[in-house]
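Now for the letters of each chain:
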Amino acid sequence: MALLDINKLTKNFGGLVALNNFDLHLEQGALVGLIGPNGAGKTTVFNLLSGFYQPSGGEIIFDGKNLKGKHPHQITKMGMARTFQNIRLFGNLSVLDNVKIAYQSVVNYGLLPAFLRIPPFSRREEQIEKAALNFLEIFDLRKYAGEKARNLPYGEQRRLEITRALATNPRLLLLDEPAAGMNPQETHELLSLVRRIRDEFKLTIILIEHDMSLVMGLCERVLVLDYGSLIAEGSPKEIQQNPRVIEAYLGDEEVAVWEE
Amino acid sequence: MILKKYSTSITICLALALFFTIVQLGISGGLISGYWVTNLYLMGINIILAASLNLINGFTGEFSLGHAGFMAVGAFTGGIVTANLGLPFPLAVAAGMLAAAIAGVIVGLPTLRLRGDYLAIATLGFGEIVRVVLMNIDYVGGASGLMGIPEVVSWPVIFISVVLSLLLIRNFICSSHGRACLAVRENDVAAQMMGVNITYYKVLAFVIGAALAGLAGVLYAHYYSIIQPKEFSFMLTFDVLVMVMVGGLGSLTGSVVGAVLLTIASAFLQAIPELRMVLYAVLLIAAAVFRPQGLFGEKEVTLQTFKRWGGVFSGLAGHKQAD
């Protein structure tokens, strides 16, 4: 059974069609790239998947369940996690607390144990702390555990955001332009990080990215959106040579000349 | 080993017991004048109000101005239980807190979808509605107020209420539920993606804050014996807001210090009430301009802080390094 089935997904904002009849079927363990010019509707796909938008048409079946009417926090519990184009950390909280919050949907306890500090409060808190520190260790962020998240260097903030998303124990991970604003060195590190998490956590990943070297180096399959419609789908090589993709990115020379 | 594990709690308990005894002796020995006893009780009530408002405005990042309303709900419910129904004081506490909590749910559910200014206006409206409605209910005495409430509030009652309220808020904030509230404040979109039900936590913080404001109201009613709706005006909310802002949004220690400082200040300014509001306004503006994070920012003063200070001082004395 496919992990994700998107059928004829459509989103309108008033008269603007942000996404039009978008189809995507993902098997467990796939790593696909979603590319396209600015405003093509890539982030709209993520916002629909994670429940921040409700579709105008079509359906999303995740892990056998329809996501219609589900809130973002419910979708997270079902096993989907995402990062954001503009980093959204809990800036004034410690790096450790940023990861601890992810356990909200995995390990938790009632209000009464919290107020009175009775079991299972201490046991669960220890469990959460141990797991969070372990995650920080894996991603080389342990040394920052007590630091406020906003004081981290840019590249580390990105890594923390991914770490935090993974701590929610997802099966599908949505990465929205993880390499945005990174230098080539950081991008290279990110490349190996994404590969590593897919292999170690057996994740299915959808990646939105503008950095072509990253997309071409990572993804087995690439989808190209333009003006809300899927215009091409295939291996990175096929995509690079597809005339419609080149046109979407560089503009059609003849039309441009004619319009002048 | 066990002693070491609980050493912090034991130290705090001993310090609190000592403080309690000293003040109790001062009151029964007549060393603290009646005027200052009143202000001491007010200080306690204000600490509960400031800390609970801070839970909503500082820790969860919602901007509520309805605290006087919740306090009024608690005060009048408590007053009805003891004065009109003749039931014992503990029942009044339970009923007052419950009524304020229910009011919190009723106000919170629809309004917490609003953000920032809109929430402030909606909760402000709630406070005014409570006041005006109470003025028009004859059962609670209308505008002249509810009278004959037994004066059962004493130093032990105030002290225990303050300690338990602060402990409750502290435990809440330092739990996974409190972390969820902080996450809502920091970034509500990311919080949702971490599995936090943001509506639930906004309402929860609001309700806990309201219930504690209700407790403050019950204490207030059972100290003064007469309560009038007009006492629970927006000015009261404003007083509490200044305490929270001066102490620091997101710092419990700050709320305690803010409440103590401003209660003392207003005690000295009792003779010139006009100037008192001017001073409050100036304080609020000064805090916003010069120290927007308040006296304490988001920091807390704990035993660790004192140990650190101790270390610094002994270090200074030993090595004469001023850094």
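Residues numbered from 1 in each chain as written. Chains lettered and ligands numbered in written order. Predicted model: local features only at pLDDT ≥ 70, side-chain atom pairs only at ≥ 80, totals over all residues.

Here we take up the interface of chain B and chain A. Accessible area lost on assembly of the parts is the figure often given for the size of an interface. Tallying the contact residues gives 21 residues for chain B and 29 residues for chain A. For the side of chain B that touches chain A, the secondary-structure elements that each account for two or more residues are helix 7 (155–173), helix 8 (176–186) and helix 9 (188–193) of chain B. No other element matches helix 8 of chain B, which puts 7 residues into the side of chain B that touches chain A. Here the residues of the side of chain B that touches chain A sort into 10 nonpolar, 8 polar and 3 charged. (Contact = placed C-beta atoms within 7 Å. Helix = DSSP H or I, 4+ residues; strand = E, 2+ residues; numbered from the N terminus. Nonpolar A, V, L, I, M, F, W, Y, C, P; charged D, E, K, R; others polar.)

As a further point, take the confidence of the model for chain B. All names here are of chain B. Across chain B, the average pLDDT comes to 90, with 94% of residues at or above 70. The low-confidence segment residues 318–323 (pLDDT under 50) makes 3 contacts with residues lying over four places distant or belonging to another chain. What the predictor reports for the complex is a pTM of 0.90 with an ipTM of 0.90. (pLDDT = per-residue confidence, 0-100.)

Compared with an ideal rise of 1.5 Å per residue, which puts 22 residues at 32 Å, helix 2 (residues 7–28) of chain B spans 31 Å between its outermost C-alpha atoms and is within 8% of the ideal. Little of helix 2 of chain B is tucked away: 0 of the 22 residues are buried. (Expected span 1.5 Å × (residues − 1). Buried ≥ 20, exposed ≤ 12 C-beta atoms within 10 Å, placed from the backbone.)

Relative to the helices and strands, Leu168 of chain B resides in helix 7. Along the sequence, Leu168 of chain B and Ile48 of chain B sit 120 residues apart, while their C-alpha atoms lie 11 Å from each other.

Before going further, it helps to spend a moment on unusual backbone geometry. Residues and elements named next belong to chain A. The step from Pro119 to Pro120 runs through a cis peptide bond, and the omega angle for that step is 5°. Backbone geometry places Asp63, a non-glycine residue, at a positive phi of 55°. Along the polypeptide, Asp63 turns up in the loop between strand 4 (57–62) and strand 5 (65–66). By the C-beta count within 10 Å, which is 16 here, Asp63 ends up partly exposed. Of note in this structure, Arg117 is not a glycine but carries a positive phi near 55°. Note that Arg117 resides in the loop between helix 4 (111–116) and helix 5 (121–138).

All names here are of chain A. Two elements in contact, helix 5 and helix 6 (residues 154–167), have axes whose closest approach is 10 Å; the angle formed by their N-to-C orientations is 135°. Taken as axis vectors, helix 5 and helix 6 run oblique relative to one another. In this structure, the crossing between helix 5 and helix 6 has a hand that is right-handed. Touching Ala132, Phe135 and Leu136 of helix 5 are Thr163, Leu166 and Ala167, all from helix 6. Class assignment for the residues of the contact of helix 5 with helix 6 results in 5 nonpolar, 1 polar and no charged. (Axes fitted to C-alpha atoms, helices over the stretch in contact; angles between N-to-C directions. Parallel < 35°, antiparallel > 145°, perpendicular 65-115°, else oblique. Left-handed = near helix turned anticlockwise from the far one by under 90°.)

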